[in-house]
Structures are given as C-alpha cells and as structure tokens.
Amino acid sequence: MSFLGWFLLTPLAAFLLLLLLPREQEKTIRVAALALSLAIFGLSLGLLAGEPRETDLAWIPELNIRYHVAVDGLSIWLILLTTLLTPISILISWKYIDRRVKEFHAFLLLLEFGVLGVFAAMDLFLFYVYWEVGLVPMYFLIGIWGHDRRIYAAVKFFLYTMAASVLMLASIIYVYQRAGTFDYPAILAMLASGKLTFTSLEQTLLFLAFFVAFAVKVPLFPLHTWLPDAHVEAPTAGSVMLASVLLKLGTYGILRFCLPMFPTAARENAGWIAVLAIVGIVYGALVAMVQPNVKKLVAYSSVSHLGFVILGIFSFNQQGFDGAVYQMLNHGVSTGALFMLVGYLYERRHSLEIQDYGGVSTPAPWLSTVFLITTLASIGLPTLNNFVGEFLVLQGAAQADFRWAVFAATGVILSACYMLWMYQRTFYGETPEKVTHQMTDLNGREWAAILPLLALMVWMGTAAETFLPRISAANRLILQQTTVNVPFNVQTPAPRPDVAAKEIADAR
Amino acid sequence: MNLFYTATDHFVLSPAIQLAFWGCAILLLDTWLIPDPRKRRWLVPIFVLPAIVLTAIALGKQHAYLVSEGAREISAFNGALTVDGFALFFNWVFLISTLIVSIVSYRYLEIEGEHHGEYYGLILLANCGMFFLATGTDLVTLFVGLELMALCFYVMVGFLRGERRSNEAALKYLILGAFSSALLVYGFSLFYGMAGATKLSVIVKAMQGRDPWDPVLFLAMATTSVGLLFKISAAPFHMWAPDAYEGAPTTTTAYLSVASKAASIAFLLRIFLGPLDVARPAWEPLLAGVAILTMTVGNFAAITQTNVKRLLAYSSISHAGYMLLGLIAGNDTGLKGIAVYVLVYTFMNLGAFLVVIALRRQNIIGEDVADLAGLAKRHPGYALLMLVFLLSLAGIPPTAGFLGKYYIFLSLVETGHYVLAVIGTLYVAVAIYYYFRIVRSMYLDEAAADTAPLASTVGLRFAVGVSGLLTLCIGIYPEPFLRLAHTSLLK
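What counts as what
Residues numbered from 1 in each chain as written. Chains lettered and ligands numbered in written order. Predicted model: local features only at pLDDT ≥ 70, side-chain atom pairs only at ≥ 80, totals over all residues. Heavy atoms only, no water. Helix = DSSP H or I, 4+ residues; strand = E, 2+ residues; numbered from the N terminus. Contact = heavy atoms within 4.5 Å. Lys, Arg positive; Asp, Glu negative; His and termini not counted. Charge placed at Lys NZ, Arg CZ, Asp CG, Glu CD. Expected span 1.5 Å × (residues − 1). Buried < 20%, exposed > 50% of the residue type's maximum accessible area, 1.4 Å probe, protein only. Phe/Tyr/Trp six-rings, centres within 6.5 Å; stacked < 30°, edge-to-face > 60°. Axes fitted to C-alpha atoms, helices over the stretch in contact; angles between N-to-C directions. Parallel < 35°, antiparallel > 145°, perpendicular 65-115°, else oblique. Left-handed = near helix turned anticlockwise from the far one by under 90°. Nonpolar A, V, L, I, M, F, W, Y, C, P; charged D, E, K, R; others polar. Patch = residues over 30% accessible without salt bridge, like charges linked within 9 Å, V, L, I, M, F, W, Y side chains within 5 Å. Areas by Shrake-Rupley, 256 points an atom, 1.4 Å probe, with all protein chains shown as cover. Salt bridge = Lys/Arg side-chain N within 4 Å of Asp/Glu carboxyl O. Polar contact = N/O pair within 3.5 Å; in protein donor to acceptor, adjacent residues only side chain to side chain. Pairing = 2+ DSSP bridges. Arc of directions from axis to C-beta. Buried area = accessible area lost by both parts, 1.4 Å probe. Core = buried A, V, L, I, M, F, W, Y, C linked by side-chain atoms within 4.5 Å.

Colleague: How would you summarise the overall build of chain A if you had to cite specific residues and measurements?
Modeller: Looking only at helices and strands, one finds 23 helices and two strands in chain A. With the principal axes as the frame, chain A shows a C-alpha extent of 70 × 55 × 45 Å. The contacts of chain A with a sequence gap of at least 6 include a subset with a gap of at least 24, amounting to 82%. Averaged over its 31 positive side-chain charges, chain A has a centre that lies 2 Å from the centre of its 32 negative ones.

Colleague: Could you give an account of helix H11 (residues 250-272) of chain B, with specific residues and numbers?
Modeller: Across its 23 residues, H11 of chain B extends 32 Å between first and last C-alpha, which sits within 8% of the 33 Å expected from 1.5 Å per residue. Most of H11 of chain B sits out of view: 23 of its 23 residues are buried.

Colleague: How would you explain the packing of aromatic side chains if you had to name every residue and give the values?
Modeller: Two descriptors summarise a pair of aromatic rings, namely the distance from one centre to the other and the angle between the planes of the rings. Residue and element names in this part refer to chain A. Inspection of every chain in the model, using the stated rule, returns 68 aromatic pairs over all chains. Ring plane angle 40° and centroid distance 5.7 Å describe the contact between Phe127 and Trp131, whose orientation is recorded as tilted. With Phe127 and Trp131 both in helix H6 (residues 124-133), this residue pair falls four residues apart, about one helical turn. In terms of burial, Phe127 and Trp131 fall into one category: buried.

Colleague: Quick one: what's the story with the packing of helix H16 (residues 318-349) of chain A against helix H17 (residues 365-378) of chain A, residue by residue and with numbers?
Modeller: Residues and elements named next belong to chain A. Following both chains from N to C, one finds H16 and H17 inclined at 150°, their axes separated by 9 Å at the closest point. For the element pair H16 / H17, the angle class is roughly antiparallel. Between H16 and H17 lies a crossing whose hand is left-handed. Within the contact between the two elements, H16 uses Ser334, Ala337, Leu338, Leu341, Val342, Tyr344, Leu345 and Arg348 and H17 uses Leu367, Val370, Phe371, Thr374, Thr375, Ala377 and Ser378. Its residues assigned to classes, the contact of H16 with H17 shows 10 nonpolar, four polar and one charged.

Colleague: How would you summarise a nonpolar patch on the surface if you had to cite specific residues and measurements?
Modeller: All names here are of chain B. Where nonpolar side chains cluster on the molecular surface, the patch consists of Leu49, Val53, Leu54 and Ile57 and spans about 330 Å² of accessible area. In this fold, Ile57 is placed in helix H3 (residues 48-69). Here Ile57 falls in the partly exposed class, since its relative accessible area comes to 43%.

Colleague: Report on the side chain of Lys248 of chain A, specifying residues and quantitative values.
Modeller: Residues and elements named next belong to chain A. The topology assignment puts Lys248 in helix H12 (residues 236-261). Lacking a salt bridge, the buried Lys248 has Glu390 as its closest oppositely charged neighbour, with an N-O distance of 13 Å. Polar side-chain contacts of Lys248 include one of 2.9 Å to the side chain of His331. Leaving out residues up to four positions away in the same chain, Lys248 has contacts with Leu78, Phe119, Ala243, Met328, His331 and Gly332.

Colleague: Any details on the side chain of Ser304 of chain A? Residues and values, ideally.
Modeller: Looking at the secondary structure, you find Ser304 of chain A in helix H15 (residues 294-313). Dropping the residues within four chain positions of it, Ser304 of chain A is found in contact with Gly280, Ile281, Gly284, Ala285 and Tyr418 of chain A.

Colleague: Please provide a residue-by-residue account of unusual backbone geometry, values included.
Modeller: Of note, the amide linkage connecting Phe221 of chain A to Pro222 of chain A takes the cis form, showing an omega dihedral of 5°. Cis geometry marks the peptide bond from Ala235 of chain B to Pro236 of chain B, where omega comes out at 0°. Tracing the sequence through the fold places Pro236 of chain B in the loop between helix H9 (215-231) and helix H10 (240-247). The backbone phi angle of His350 of chain A is positive, close to 55°, even though this residue is not glycine. Its place among the elements puts His350 of chain A in the loop between H16 and H17. For His350 of chain A, a relative accessible area of 55% translates into the label exposed. Phi is positive for Thr383 of chain A, which is not a glycine, with a value near 75°.

Colleague: Tell me about the pairing of strand E2 (residues 81-84) of chain B, and please be specific about residues and values.
Modeller: Residues and elements named next belong to chain B. The alternating pattern of E2 places Leu81 and Val83 on one face and Thr82 and Asp84 on the opposite face, and all of these are buried. In this structure, strand E1 (residues 73-76) lies alongside E2, joined through four bridges in antiparallel fashion. In the sheet register, Ile74 faces E2, and the bridge partner there is Val83.

Colleague: Which residues make up helix H19 (residues 458-476) of chain B, and what are the values?
Modeller: For H19 of chain B, spanning 19 residues, the distance from its first C-alpha to its last is 27 Å, which sits close to the expected 27 Å at 1.5 Å a residue. Here H19 of chain B has its buried residues at Leu460, Ala463, Val464, Ser467, Gly468, Thr471, Ile474 and Gly475 of chain B. The buried residues of H19 of chain B occupy an angular sector of 140° when the element is viewed end-on, so they sit on one face. Among the exposed residues of H19 of chain B, those pointing more than 90 degrees away from its buried face are Val458, Phe462 and Leu469 of chain B. Here the buried face of H19 of chain B lies against strand E1 (54-60) of chain A together with helix H4 (85-112), helix H14 (332-359), helix H16 (380-394), helix H17 (400-414) and helix H20 (479-487) of chain B.

Colleague: So what's going on with the pattern of salt bridges? Which residues, and what values?
Modeller: Residues and elements named next belong to chain B. Applying the stated criterion across every chain, the model contains 24 salt bridges over all chains. For Arg310, the salt bridge is made with Glu246, and the minimal N-O distance between the two is 2.7 Å. On the criterion of sequence distance, the pair formed by Arg310 in helix H13 (residues 308-329) and Glu246 in helix H10 is long-range, its members being 64 residues apart. The class for Arg310 is buried, based on a relative accessible area of 19%. Across the salt bridge formed by Arg440 and Asp445, the nearest N and O atoms sit 3.9 Å from each other. Counted as one network, the salt bridges with shared partners bring together Glu163, Arg165, Glu168, Lys172, Asp243, Glu246, Lys309, Arg310 and Glu367.

Colleague: Please give an account of the interface of chain B and chain A that cites residues and values.
Modeller: Across the boundary between the two partners, chain B contributes 40 residues, which contact 34 residues of chain A. Across the chain B/chain A interface, buried area totals approximately 3400 Å², and carbon plus sulfur atoms make up 76% of it. Of all residues in chain B, the largest losses of buried area upon contact with chain A belong to Tyr406, Tyr443 and Leu444 of chain B, amounting jointly to 19% of the total for that side. Summed over the shared surface of chain B and chain A, the number is one salt bridge. The interface formed by chain B and chain A holds four residue pairs in polar contact (both at pLDDT 80 or more) in total. Of the residues forming the side of chain B that touches chain A, the biggest block, 13 residues, is contributed by helix H18 (residues 418-444) of chain B. Among the residues making up the side of chain B that touches chain A, the classes are represented as 29 nonpolar, three polar and eight charged.

Colleague: Now, about the nonpolar core: what can you tell me, with residues and values included?
Modeller: Inside soluble globular proteins, nonpolar side chains tend to come together where they are buried. Met261 and Phe314 of chain A are the most contacted members of the largest nonpolar core, which has 367 residues in total. Ranked by the residues each element gives to this core, the list is headed by H14 of chain B, at 20 residues. For Met261 of chain A, the residues in contact, after removing those within four places along its chain, are Leu124, Val175, Tyr184, Ile187, Leu188, Leu191, Phe198 and Phe210 of chain A.

See below:
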C-alpha cells in the first residue's frame, strides 16, 4: 500500500484514538484532536510531492471490489482544503462547543475520513461507501450541537441526501452489471475503446440518477431547500465543514463521474441544467438580499456561488471547467471564512439577527477588517480569490452561450449588493450599548484560525498559477473523455503544446 | 431402501439428538430432578451450555466431513434428511441465535418475574425443530420440524403468564399459525397426490415437464406459499407479527424474529427451489407482488410506531420482503444474497433487541422510542452499538446490512428485474427515516429523568458486543463470510 492508501486511513485512526480518551478530560481531547488533525494536514502536504499517488488493492475479491484510490489535479486541492479546514474547525470550536466534547471531535474526524475518501476513491463501490460514511457524522454535528431547530434541520439534511443517493446505488450496480467491474479507470477505458457502450436511454437514466444525487448535495436550485436550514442550525464548525467541504462533494462527483461516464446525456441535458444554475445564482442572491439573519444570508449566497460552479461545468470547455474547480476552492475558503466570522459574532453577541448589530467596527476594529476582506473576496474583488474563478466561469459560459454569461454576471453584481449592505448594517452606523459591551476584538486563537484562510484568499487571487496548472491538466483529460462518443465536436482553444507538456509534467 | 438405523443416519441426526436430549433433560431437571427451587433457579440454565457445545461439535464434525471428503451432501434415512452446505449454514445461524438468546434470558426473565427452567428447554427444542427445517428433504419431516418449532414458540410467546399482552399475542399467534399450517399441509397433500411420494427428490422428478400453469400444481403452490409466507411474516400474512413481537418476552421476540425467520426462509427455499421450481413462471410475479407489498407495509407502518419492539417488528417484515427479492432473482447471486442477508440480519436484529432487553428493568418497561432518549449520554457504549445496529438495519455502509442489501440489488439487476431493484433501493430511504427516529431519540433528544442503571449483565454485554463487532466486521471485511455463504448454495 502506498503513501496515499495509508494517508486516507489516518483520520479513521485518529477517530479511534480519540474514542479511547476519557470523556471528562475535555482539554486533552481538544489538544489531541487539534494535534492529530494538524498532523494529518502535514501529511497531506506530502501528497503534493509524494510518488506514487495511487493505491490499488483487493478489498472484497468475492465481489470484485477494490481499495483503489488515487489523487489527481482535480482532487488534490480539495483534499488539502479538507485537511486544512478540519484543524481550523477544531480551533473555532474551542469555546463554542462546551458539551459532549469527545463526541464532537470524534465525529469531526470521522467526517474528514469520509470526505477524503470520496475525493480519492477510484472504485465506484468504494466511492459509495465513503459517500455514506460522511453523512452520519454531519447529521450528528447538526443535530447535537446545533441551535433551536437543530433536529428538524438534521433530519431534513439527512433525508434529502440519503433519498437522492439510493438511486445512485442502483445505478452503480447497473454500471457494474454492464462493465463487469467497479474500477473507474477501467470503466472509462472500456468506454473510450467502445467495449462498453450505453444506449441513449440508459445514458439518460443513469446520468439523471447520478446527477440528482450530486445536485442535492451541491445544492442546485430547486433542490436547495435543506441548505439554509442546515446552515443556520448547525454549529459554526458544522457550517464551515458543510459549506467548504461537503457541498464540493456534489460538484466534484458531477465532474468526476457524471460527465466522463455519460458524456452524451450530459451534453444533451446541459441546457436546462445551466438554466437551473443561473436561476440558482440569481435566486440565491435575491433571497440573500432580504435575509434578516446573517447566517441565512451567507447560506443563500452559497446557493448563488455554487450555481457558478455548475454553470462552469456545463459550459463544456476548458475555461468553464477550470473556473468551476477554482470556484469550488474559492467558495471553500471564503465562505468557510465567512461562516467562521459569523460564528465569532455569535459567540460575542449570541444573536444572528443583523438588527442586533451595528457599529461593530468601533469596539472591534480588527474583526471588522478581517470581515471586510472576506466580504470583498466573496463578492469577487480583483486580486482576491473569487474573482479568478468567477471570471473563468463567465468566460467559459460566454463561449458556450453568451446569454448564460449575461444572466450569470448579474449574480456578481447582486452579490456585491447583499454582502456590502449586510456589512454596512452590521459594522457601521451607531453602536448600541450592548454591542459595545459584548464586542471584543479577535483573540489569538481566533486569529490563528482565520489567518491561513486570509492568506489563501490573497494567494489564490494573485498567484493562481500555483493552483491552476494541475487543475487544468486534470480538466483537459475530463474534457477529452466527454468529447469521446459525442457526435459533434466542441470548440476548445488548443493549448500551447509547450505549456501543456509542462503542466502535465507538473501535475504528475 | 434401508430399514435399519445406520451409522450415517446417526451422524446426520446427531445435532438434533443433542438438542432434543438436553431439551428434555432440562425439562426433567426443572420439574423433577432438582427439588430445591432456589438451586433450580441458577442450576438449570447452566445445562444449556453443554447442549450448545455438543451440538456445535456434532455440526463441526459434519462440516469437517463435507470439507475433507469434498462431498456435496450426506443423505440419511433414505433421503429424508440431507446435510449439505445449505443445511449447515442455516444450522450454524440457529445455534448462534440460541446461544445469544440463552445468555441474555436469565436476567430478563428474573426481572419479568417469570424465570422458569422450561424456557431453556423450549429454546433447545425449538432449535431442534429448526434443524429439521434446514436439513429435512421430506415433506413429512419438514412439517414435523415446523410444528415442533412453532409449538415451542407458541408457549414462549405467552410465557409472561401474568401479562395480558403476552397472553393475547400467544393466542393470536397460535390460531393464525394453526390456520396457516393447515393450508400448508393441504398443499403438501396435493404434492403427494401428484407424485405419490413425500420425498423432495422424488417429487422434483415427478414435477419435471409439468405445465407451470397446471391447475393442481397452481393450487398446491398457492396453498403452500400461504403457509410459508405466513411463517416469514410476509404481507398480507403478516398481521400476527407486530402483536406477537410486542407481547412476547423480548428475548423470545429476538429469537422469533431471527431464528424462526431464518428457519422459515430455509424451508421456503427448499420448497420453492425444489418441487415448485417448475412453476417459477407462475409464482415469480406472485412473489414479486408479495415482496413489494411486504416492503410497503413493513416500511410505512413502521414510520408511525412509538414502541421500539413494534417498530422492529414492522422492520423485520420489510426485511422479509428483501429476502424474497433474492428468491425472485433466483440466480446464484440472489441465493447467496439471501444467505448473506440471513447472516447479517441475525446479528443486527438480535443486537437491536438486546439493547431493548437491557432497557427493561424492575418497574421500567423501556420499550418506547422515548425511553431511549438521552441514552448516548447515560450509556454511550450501548448507544453506539445500537447506532451500528440501526445503521446496518437501514443498510448504510460500511455496516453488514448494506452488504446484504447490495447482494439482493445486484442479483435483481443481473436478472433484469430493474423495477424491483429501484423500488427496493427507494425503500431504503424510507427505512432510514424510522430507524433514525430511534437514533434521534438516543443522541439528540434531551435525557429523560430515567436514571436507573441498565439491566446489563456480563452475558448481555458480551452478547451485544459480539453482535456489534460482527455487524461491523462483516461490513468492513466480508470476504470470509461471503465464502461461507457461497458454500450454502442450493443447486
């Protein structure tokens, strides 16, 4: 078993280790969880350099199921994002989570285990197993440590995602029945060589079964209704993990599985999906604008931002794909940071209603500054991260259909409206007495949690070259796979051969 | 034709001899041989141990013989009993259930105030009946085995003499059970009429080439099916199950839901893949309808239950539906799937009932979903194991239950029953809803005022732990268990 194979098991080991600790020693548990998750993050950095990044072992030979995991340019950054956000989530929960501490950290690590597995699984059965493993801890994170309506939100979250994914299981079994293997690269090779073909009806049905499972997770309008509830009710760390990592499972799944396996159906259905994505962008933004609850506002902004990702994917060109993947990371960083900051506010004022705030910048100038940077990143200010992703997505969308880009661009403008308006009402204006009393500035722990994300916002906004080459190389392959078996040829700007070669070499 | 009791006969019969001998011995000890009631209390249950060990040795010898000789089967009593992989597989399952149920019964019956030694005798005799259901290849043997098992259960369900729920459950079970047995035996008489023999192998030969829609065969099929479907509690013959499950002592409920169901499934497979195989075109759509109805009734009725035992009763009805789907697919994967399903179902369902048993304490009934509130805080270990059992019952990976369902779905897709596969997967989502009502109560709801310690004994902890461990193990590393299931294929 190579490094990657072992690495993916480390969160599980950490989870088991944590279970052994006595539940009364809360401090020890927090420190252990933080140390373990930081160690996992350190190990994950090794994936950037480590060779080989693939493990392929027999797991259940009787059923032809393998422990096949691999990392490529598409998944590497998502894995790093996950491993980075886990210690951050532990840090921000240091004070916030004050009951059932052991269970909380155990579930967080189990969640990390499931999510990392989803990003690396190259065996459809294994993928489904990991997919479900991540669900249960999230249910508890929302249901135990959430706010007043936590149980309703947790059940809704669980049922939505579960109901959508059972049909994916049926489809996976069907694909296995046709292909004789769960091994994803092998299936793709069979599709490419024409050994395995799906009829048009098969493709459409299978595509839809997979797509709905992923779309609920994204969430794509109109399947998004679980998201605001889950976000508002979840504890801060739950919101951060949900927004930054769990939503990406959906978009990752579409890009990794839906498109390459069922290219014809994906292209045939691209039209209405893109329209839904645009509706989601605009609708999410408009609903966000009228929210009196700041967490709900950020939640709806997620619906809007994820619409961009879907739009980029279904533009079917290099820029669209690159932008979509980059936007996944951006959203993970900036919306994750926003939820953290909202959590900071809540810990001080114990309210999520915007009207309970005002003039926060006077008692807490640093908090306001950090919040402003994050806000600006979220609305896509150039030199900050979201700008790059949104720009690429819009460019890709414009190539596919110019009207898409026009409508989607309104989302960018609207996002500036709702975010800045929220910022203005919360941080400027008169300072009520209560706010003055309760608002203290950031402390060292809070700085430590937010700084890595701030650094990433600037880094990703100014030096996209660090990230994009690997992403593009992976996307180029996916684009190629979606072009096979397709009756019409898609216009993609030919990559400059020298650059392409270098990128592929880098990605390896 | 061999008229004498041969060594082979004895070899094949030996597990049943042990079970029957010790079962009767316990009855005698309890009523006659140990006069002092205080000694009886703890002395009688101990005798279950040699019974199980000796039965296991007898089964082990048969197993070793089959493996070492490479033989497919050992036939005895001129073909009335056949030991093959199928029989052995099910016999192991029965014996494990018997062991676990015996371990946990002592304390439970004490609390109920109905601790009598005959309970253990009945358990062993019921297991003896199950042995004949899995091993019998003759209609008469099978029927006698069925009745032996059923009679023991009628008594065990009504074991709480002072409680009306229990009495009512026993009476309902008895009357409906007798009715279904009558139908079954009527079907058997038709087989005898058609084939002139009661041996399955002879009947199979006689049935060959018969038109699947032959009216006599159809009548035989219909009546036999009703009897068999009643035993596995498939809709629309499931009415007895919720009442019997709720009223019976929980240890009996656990045993009834697991071992009796497994035995009836073995019986059902012997009949449907034997004499009724020719009539497949006739019974396949019929069973498909029954399976869908069973899953529908089981899953939707479970949603509204507030009593955990009743909820698990409906869930066990829906599990019967899934097992039937494997028979409908009918290929190797499907039959192996049923075996895997029976195996994992044994552990997860027993486990869930064991937790309910732990909740029954002096003056506390502990069967309501609300009674589990806050269990995660008070008894994190039990709550975690219950979570594993419920996840497994719902079919969420990486637990064993997922594997069982996966096999069934795979077999359906392989044989082109796509609609059934889709319906089956969709019901998984429904099932999650009601299983998670229990999870929610354990983990999310505030603790009830209940602070009494659980009725947890070393035996109970051991039994729950083993069930939980196996439920996880089969899910994470199923290879050896799948091989075992493979040996149970009935050709």
